[in-house]
Amino acid sequence: MSNEQLKIGIILGSTRQGRVSPQVGEWVKQIADERGDAEYEIVDIAEFKLPFFGEGTGEEPGLAAWNTKLESLDGFVFVVQEYNHSITGALKNALDSAREPWNNKAAGIVSYGSTGGARAAEHLRGILGELLVADVRVHPTFSLFTDFENFSVFKPADLHKDNVNAMLDQVKAWSGALKTLR
């Protein structure tokens, strides 16, 4: 294996107005960048303007760009918010809008919601398994009641940094191991 650093995408799982996923994603990226052990980047699904899966021509520029971006990454960290006990429709659509670019890669999940986003993360795990993405065990969760001010300003306790670093350790290790399969 080369000495080239792994490329890990921090995928923002919401596209709605007023979303807080950019705050959470930037916080995770700041911790990740301090490590210096991989190349981390924010990947905002809102920027790709993906058509609904099965609609359109399949030739939309955002769809090609999405698949190209995923191909360039060795692993992922999903920032997932819980909506009605599951992931957002936008994230499900983004997951469905690619197939092979997901295969044989690793992912961590950072979730938030009234119950820390745990139910959304569990739904995401099943989808990732079908896409041949190995999700890691450590799963940082954030409560809308204790980790956000007025449900809109992300203010996590310092203790969460340890969980994020442990998750990133696993994502990096698994991403490197799975790279040998691609």
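What counts, and where the lines are drawn
- Residues numbered from 1 in each chain as written.
- Predicted model: local features only at pLDDT ≥ 70, side-chain atom pairs only at ≥ 80, totals over all residues.
- Heavy atoms only, no water.
- Salt bridge = Lys/Arg side-chain N within 4 Å of Asp/Glu carboxyl O.
- Buried < 20%, exposed > 50% of the residue type's maximum accessible area, 1.4 Å probe, protein only.
- Helix = DSSP H or I, 4+ residues; strand = E, 2+ residues; numbered from the N terminus.
- Arc of directions from axis to C-beta.
- Contact = heavy atoms within 4.5 Å.
- Right-handed = clockwise from strand over helix to strand, strands pointing away.
- Core = buried A, V, L, I, M, F, W, Y, C linked by side-chain atoms within 4.5 Å.
- Phe/Tyr/Trp six-rings, centres within 6.5 Å; stacked < 30°, edge-to-face > 60°.

## A word on the pattern of salt bridges
When their charged atoms lie close together, side chains carrying opposite charge are able to pair. Enumeration according to the criterion identifies 15 salt bridges in this entry. In this structure, Glu149 and Lys155 form a salt bridge, with 3.3 Å as the shortest nitrogen-oxygen distance. Using a relative accessible area of 38% as the deciding quantity, one classes Glu149 as partly exposed. Taken together, the salt bridges that share partners define one network made up of Arg35, Asp37 and Asp169.

## A word on helix H2 (residues 61-71)
Listed in full, the buried residues belonging to H2 are Gly62, Leu63, Trp66 and Leu70. Axial view of H2: buried residues confined to an arc of 100 degrees, hence all on one face. Across H2 from its buried face, at more than 90 degrees, point the exposed residues Pro61 and Thr68. In this structure, the buried side of H2 is in contact with strand E1 (7-12), strand E2 (39-44), strand E3 (75-81), helix H3 (89-96) and strand E4 (105-113).

## With respect to the pairing of E1
Most of E1 is tucked away, with five of its six residues classed as buried. The parallel pair E1 and E2 is bridged by helix H1 (residues 21-35), and the resulting crossover is right-handed.

## Considering the nonpolar core
Nonpolar side chains tend toward joint burial in soluble globular proteins. Core analysis: the largest hydrophobic core is formed by 27 residues, its most contacted members being Ile11, Trp66, Phe78, Leu95, Trp102 and Leu124. Contributing elements (two or more residues each) for this core: H2, E3, H3, E4 and helix H4 (118-130). Per element, the largest residue contribution to this core is five residues, and it comes from H4. Formed by 25 residues, the second largest nonpolar core is a distinct cluster that contains Leu6, Val28, Val136 and Leu168.

## So, the packing of aromatic side chains
By the definition in use, this model includes 11 aromatic pairs. Plain terms: the ring middles of Phe48 and Trp66 are 5.1 Å apart, the flat faces sit at 70 degrees to each other, and that makes the pair edge-to-face. Of this pair, Phe48 sits in the loop between E2 and H2 while Trp66 sits in helix H2, and the two are 18 residues apart along the sequence. Summarising the burial analysis for this pair, Phe48 and Trp66 share the class buried. By the ring-pair criterion, three or more aromatic residues cluster together here, those being Trp27, Tyr112, Phe142, Phe148 and Phe154.

## Here we look at the environment of Ala46
Mapped onto the elements, Ala46 comes out in the loop between E2 and H2. Not counting residues within four places of it along the chain, the set of residues in contact with Ala46 comprises Thr15 and Arg19.

The analysis is restricted to geometry; functional conclusions fall outside its scope.
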